[in-house]
Protein chains: 2
Amino acid sequence: MGITKSTQFTKNQNRKAELYKALGHPARIAIIEFVINQDSCVCGDIVDEIPLSQSTISQHLKELKKVGIIKGDIEGVKTCYCIDDKVWSELDDVSRLFMSSYSEKDKCC
Amino acid sequence: MGITKSTQFTKNQNRKAELYKALGHPARIAIIEFVINQDSCVCGDIVDEIPLSQSTISQHLKELKKVGIIKGDIEGVKTCYCIDDKVWSELDDVSRLFMSSYSEKDKCC
DNA sequence: TTATTTAATCGTAATATTGCGATAGAATAA
DNA sequence: TTATTCTATCGCAATATTACGATTAAATAA
């Protein structure tokens, strides 16, 4: 198959998985780290930084944009990508909640 | 292709992506939530809870075990799955660090 | 012993992902 | 205008993922 049975799960579970899935590739982690650490967030600079082809990076950017983690700003011929505050904050909330839902004393085996 | 060029990225980036990728499926989120919220963590109970076949769930458990998030304890004919404290704590650290590496004032566009 | 229960694994099919080169389109420069 | 620059998208190939039924293997029960 290769198709995920999303209908079987809650909205919350699906969204959580979707966000984490977007982070589930080293190139996308590298892109996010670069965008955060640089003043520049121009697409071309990302392409120079990350050892993958321009088309591949464009695709990864698209995926990150799809879940909302980054947003693209067309500035003339260039596109500037940056973190979307709202979704980054959502991701922070989701992660904190998820991580804190377990504590070592819950251990059952 | 479909193959990830891991060699191009840092150990840290690859590990981060690997952990998030494991969380990037609603069934695996549901499994983790179930294991955390129930006293029971027996495989059969997970199969009863989650609307996917036994073999599919077994595969998801295998993936979670691969990155270390859960560990399985064979108890006679049953297997008890639970969170691996060390990896859960790693995930917590990784997430906190990653999330806090960006703050709204970094915005460049 | 033989049956049953439990969970892992195998085999298979369908779909998704990753990656690249080529191309297209839009904005700017010459 | 024409050329150039920049990025998105298309088309393709290779690999990965998801899902299921069937089977296997191991432990326990009858």
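Peer 1: Kindly report on the protein's contact with DNA strand C, identifying the contributing residues and their values.
Peer 2: If you check the shell around DNA strand C, you find 30 residues, and the closest are Met1 of chain A together with Met1, Gly2, Lys5 and Tyr81 of chain B. Within 4 Å of the protein, the contacting atoms of DNA strand C are drawn from sugar and phosphate to the extent of 57%. A distance of 3.5 Å is found between a phosphate oxygen of DNA strand C and a backbone nitrogen or oxygen belonging to Cys43 of chain B. In the model, a phosphate oxygen of DNA strand C is placed 2.8 Å from a nitrogen or oxygen of the Gly44 of chain B main chain. Secondary-structure elements contributing two or more residues to the surface near DNA strand C are helix H4 (54-67) of chain A together with helix H3 (43-49), helix H4 (54-67) and strand S2 (78-83) of chain B. Per-element accounting of the surface near DNA strand C gives the leading share, 5 residues, to H4 of chain A. For the surface near DNA strand C, a count of residues per class yields 9 nonpolar, 15 polar and 6 charged.

Peer 1: So what about the pattern of salt bridges? Which residues, and what values?
Peer 2: It is possible for side chains of opposite charge to pair when their charged atoms get near one another. Residues and elements named next belong to chain A. Taken as a whole and judged by the stated rule, the model has 10 salt bridges over all chains. Between Glu90 and Arg15 there is a salt bridge, and its shortest N-O distance comes to 2.8 Å. Here Glu90 is found in helix H5 (residues 85-100), whereas its partner Arg15 is found in helix H1 (residues 11-22), with 75 residues between them in sequence. Residue classification places Glu90 among the partly exposed residues on the basis of a relative accessible area of 25%.

Peer 1: A description of the nonpolar core should follow, citing residues and the corresponding values.
Peer 2: A general tendency of soluble globular proteins is for nonpolar side chains to be buried together. Among the nonpolar cores identified, the biggest contains 72 residues, and Ile69 and Trp88 of chain A together with Ile69 and Trp88 of chain B are the most heavily contacted of them. Discounting residues that sit within four places of it in the chain, Ile69 of chain B has contacts with Leu19, Ala22, Leu23, Ile32, Leu64, Cys82, Ile83, Asp84, Val87, Trp88 and Leu91 of chain B.

Rules used throughout
Positions within a chain are numbered from 1, following the residues in the order the chain's sequence is written. Each chain is given a letter, starting from A, and each ligand a number, starting from 1, according to the order in which they appear as written. Predicted model: local features are reported for residues with pLDDT of at least 70 only, side-chain atom pairs are reported and counted for 80 or more only, and whole-chain, interface and lining totals are derived from all residues. With hydrogens and water set aside, each side-chain value is computed from the structure's full complement of heavy atoms. Note on terminology: near, applied to a residue and a molecule or strand, indicates that one of the residue's heavy atoms is within 4 Å of it. Distance and chemistry together define a polar contact, namely a pair of N or O atoms within 3.5 Å, with one atom able to donate a hydrogen and the other to accept it when in protein, and with adjacent residues in sequence counting only for side-chain atoms on both sides. The way it works is that DSSP assigns letters per residue, a run of H or I at least four long becomes a helix, a run of E at least two long becomes a strand, and they are numbered from the N terminus. When residues are sorted by character, Ala, Val, Leu, Ile, Met, Phe, Trp, Tyr, Cys and Pro go into the nonpolar class, Asp, Glu, Lys and Arg into the charged class, and all the rest, Gly among them, into the polar class. Take a side-chain nitrogen of Lys or Arg and a carboxyl oxygen of Asp or Glu: if they are within 4 Å of each other, that pair is a salt bridge. To sort residues, take the accessible area from a 1.4 Å probe on protein chains only and compare it with the maximum for the residue type: under 20% means buried, over 50% means exposed, and anything in between is partly exposed. Within this scheme, the nonpolar core is defined by two criteria: the residues are buried Ala, Val, Leu, Ile, Met, Phe, Trp, Tyr or Cys, and they are joined through side-chain atoms within 4.5 Å. Only heavy atoms enter the contact rule, under which two residues are in contact if any of them lie within 4.5 Å.

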